[in-house]
Amino acid sequence: MISTMVHSKRTQTIAFCLGIILIGCLIQAAGWMKNDRLVFPSVTEILRALFFLLSQKETYQKIWVTLRHLLQTLAVSTVIGISLGLAEGLSDFLQALLKPLMILLRSVPMIILVVVIMVMTQYDRVPLLASSLILIPLISEAANEGCRRIDPELIDVYRLNSSVNPRILFSVYLPLMAGYLKQAYISAAGMGLKLVVSTEYLVQTRNSLGKAVHSSSYFNEYQDIYAYALIMILLVLAVCELPVLAGRLIQRLKA
């Protein structure tokens, strides 16, 4: 059993690395088809730009600004999304009441939402507010579905002693919803970074990856744009995998 799991993880790792190579091949193929080395630089140029950016102190300042926006967005959208999702899962009335709002947040174009928020608040708050509002329905839907999928008989056992309270929410509901929330978190991390960088680009947030992408496109430095894209991929992997690794480490320490 253990050898099978190790072999499966090894196969997934190899497939992931091959997927990265595939991206490089697609960029090269696009360059050959378009015959435009400016927009589609070679993989060598992109890697050279990546290593150059990683050697600059300013790059890490930009990464930290964007990463801070992403973490704040995930924290806000997770707290609000789970709270609304639990409320919807426990009450059919609240689910029907909040459904139009969730549909609105899911369907409204991001550019419209950003423009409205830009008018209502300061520009430095736009990445957090706009991204959070778009991610809340994603997490809320997962929490709602996870809550409704819990075995009613299991919940009834705990309700014999007391009604729904914070202790039951944290010790019963959330652990049983963990599978749905984990998948929503992975999706939210990737989507959240794209939203954060896009809003930073639109409002020109200082010392951010969004601002850096804007500057690179203005000066036609497309190799830097692809290098920043690779940095963003690494950020998403870190945000998604670090909580999993931390959980495994805690389990090993407890054992």
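Conventions adopted
- Residues numbered from 1 in each chain as written.
- Predicted model: local features only at pLDDT ≥ 70, side-chain atom pairs only at ≥ 80, totals over all residues.
- Heavy atoms only, no water.
- Helix = DSSP H or I, 4+ residues; strand = E, 2+ residues; numbered from the N terminus.
- Buried < 20%, exposed > 50% of the residue type's maximum accessible area, 1.4 Å probe, protein only.
- Contact = heavy atoms within 4.5 Å.
- Areas by Shrake-Rupley, 256 points an atom, 1.4 Å probe, with all protein chains shown as cover.
- 1 Å grid on protein atoms, 1.4 Å probe; cavity = no way out; pocket = protein on both sides within 12 Å on 5 of 7 lines; lining within 4 Å.
- Points joined across faces, edges and corners; volume = space filled by probe spheres on them.
- Nonpolar A, V, L, I, M, F, W, Y, C, P; charged D, E, K, R; others polar.
- Patch = residues over 30% accessible without salt bridge, like charges linked within 9 Å, V, L, I, M, F, W, Y side chains within 5 Å.
- Salt bridge = Lys/Arg side-chain N within 4 Å of Asp/Glu carboxyl O.
- Polar contact = N/O pair within 3.5 Å; in protein donor to acceptor, adjacent residues only side chain to side chain.
- Axes fitted to C-alpha atoms, helices over the stretch in contact; angles between N-to-C directions.
- Parallel < 35°, antiparallel > 145°, perpendicular 65-115°, else oblique.
- Left-handed = near helix turned anticlockwise from the far one by under 90°.
- Arc of directions from axis to C-beta.
- Core = buried A, V, L, I, M, F, W, Y, C linked by side-chain atoms within 4.5 Å.
- Expected span 1.5 Å × (residues − 1).
- Bend = angle between axes of the 7 residues up to and from the residue.
- pLDDT = per-residue confidence, 0-100.

Asker: Explain the overall build of the chain to me, please; I cannot follow it from the model alone.
Answerer: When you go through the chain residue by residue, the secondary structure sums to 11 helices and 0 strands. Along its sequence from the N terminus, the chain presents helices and strands in the succession α-α-α-α-α-α-α-α-α-α-α. Residues counted as buried form 33% of the 255 residues belonging to the chain. Here the contacts in the chain between residues at least 6 apart in sequence split such that 73% fall between residues at least 24 apart. With an accessible surface of roughly 15,900 Å², the chain has 67% of that area assigned to carbon and sulfur atoms.

Asker: Sorry if this is basic, but what is going on with the layout of surface pockets here?
Answerer: It is a probe the size of a water molecule, rolled over the atoms, that shows where empty space is left. Roughly 460 Å³ of internal volume is contained in the largest pocket. Taken together, 17 residues make up the lining of the largest pocket; nearest its centre are Ile20, Ile23, Leu47, Leu230 and Ile233. Of all the elements in the fold, those that place two or more residues in the lining of the largest pocket are helix H1 (2–34), helix H2 (43–54) and helix H11 (222–254). Of the residues contributing to the lining of the largest pocket, the split by class is 15 nonpolar, 2 polar and no charged.

Asker: Quick question: what am I supposed to make of a nonpolar patch on the surface here?
Answerer: Together, Ile111, Ile112, Val115, Val116, Val119, Met120, Tyr201 and Leu202 give the surface a local cluster of nonpolar side chains, amounting to about 760 Å² of exposed area. If you list the elements that add at least two residues to the nonpolar patch, you get helix H5 (110–120) and helix H9 (178–203). The element best represented in the nonpolar patch is H5, accounting for 6 residues. Structurally, the position occupied by valine 119 is in helix H5. Judged by its relative accessible area of 71%, valine 119 falls in the exposed class.

Asker: Explain the side chain of serine 77 to me, please; I cannot follow it from the model alone.
Answerer: Assignment of secondary structure puts serine 77 in helix H3 (residues 57–90). The exposure class of serine 77 is buried, given its relative accessible area of 0%. A distance of 2.7 Å separates the side chain of serine 77 from the backbone oxygen of threonine 73, its partner in a polar contact. Filtering out sequence-adjacent residues up to four positions away, serine 77 remains in contact with Ile82, Ser132, Leu135, Ile136 and Ile139.

Asker: Would you explain the packing of H5 against helix H6 (residues 126–148) in this entry?
Answerer: Packed helix pairs are characterised by how far apart their axes lie and by the angle those axes make with each other. Where H5 meets H6, the closest approach of the two axes is 10 Å, and the angle between their N-to-C directions is 135°. As judged from the angle between their axes, H5 and H6 are oblique. The two elements H5 and H6 cross, and the hand of that crossing is right-handed. Here H5 contributes Met110, Leu113, Val114, Ile117 and Met118 to the contact with H6, which in turn contributes Val126, Leu129, Ala130, Leu133 and Ile134. Here the contact of H5 with H6 is built from residues that sort into 10 nonpolar, no polar and no charged.

Asker: Is there a simple way to explain helix H10 (residues 209–218) in this structure?
Answerer: Residues lying three or four places apart along an α-helix face the same way, a consequence of the helix completing one turn every 3.6 residues. When H10 is considered as a whole, its buried residues turn out to be Leu209, Gly210, Ala212, Val213 and Ser216. Seen from one end, H10 has its buried residues packed into an arc of 160°, which puts them on one side.

Asker: Sorry, what's going on with the nonpolar core here?
Answerer: For soluble globular proteins, nonpolar side chains are generally found buried alongside one another. In this structure, Leu74, Tyr173, Met177, Leu193, Tyr228 and Met232 are the most contacted members of the largest nonpolar core, which totals 42 residues. The set of elements that each furnish at least two residues to this core consists of H2, H3, H5, H6, helix H8 (166–176), H9, H10 and H11. Not counting chain neighbours up to four residues away, the residues in contact with methionine 232 comprise Leu193, Val197, Leu209 and Val213.

Asker: Hey, could you run me through helix H4 (residues 92–107) in this one?
Answerer: For H4, with 16 residues, the first-to-last C-alpha span of 22 Å sits near the 22 Å given by 1.5 Å per residue. Its maximal kink placed at leucine 98, H4 deviates by approximately 40°, while the proline proline 100 follows within four residues. Looking at the buried residues of H4, the elements they touch are H3 and H6.

Asker: Please clarify how the confidence of the model for the chain should be interpreted in this entry.
Answerer: On average, residues of the chain score 82 in pLDDT, and 84% of them are at 70 or above. Averaged over each element, pLDDT in the chain is lowest for helix H7 (residues 152–159) (66) and highest for H3 (92).

Asker: Looking at this structure, I do not really get the pattern of salt bridges. What am I missing?
Answerer: Two side chains with opposite charge may pair up if their charged atoms get near one another. If you walk through the whole model with that rule in mind, you get 3 salt bridges. Across the pair arginine 149 and glutamate 145 runs a salt bridge, and its minimum N-O distance is 2.7 Å.

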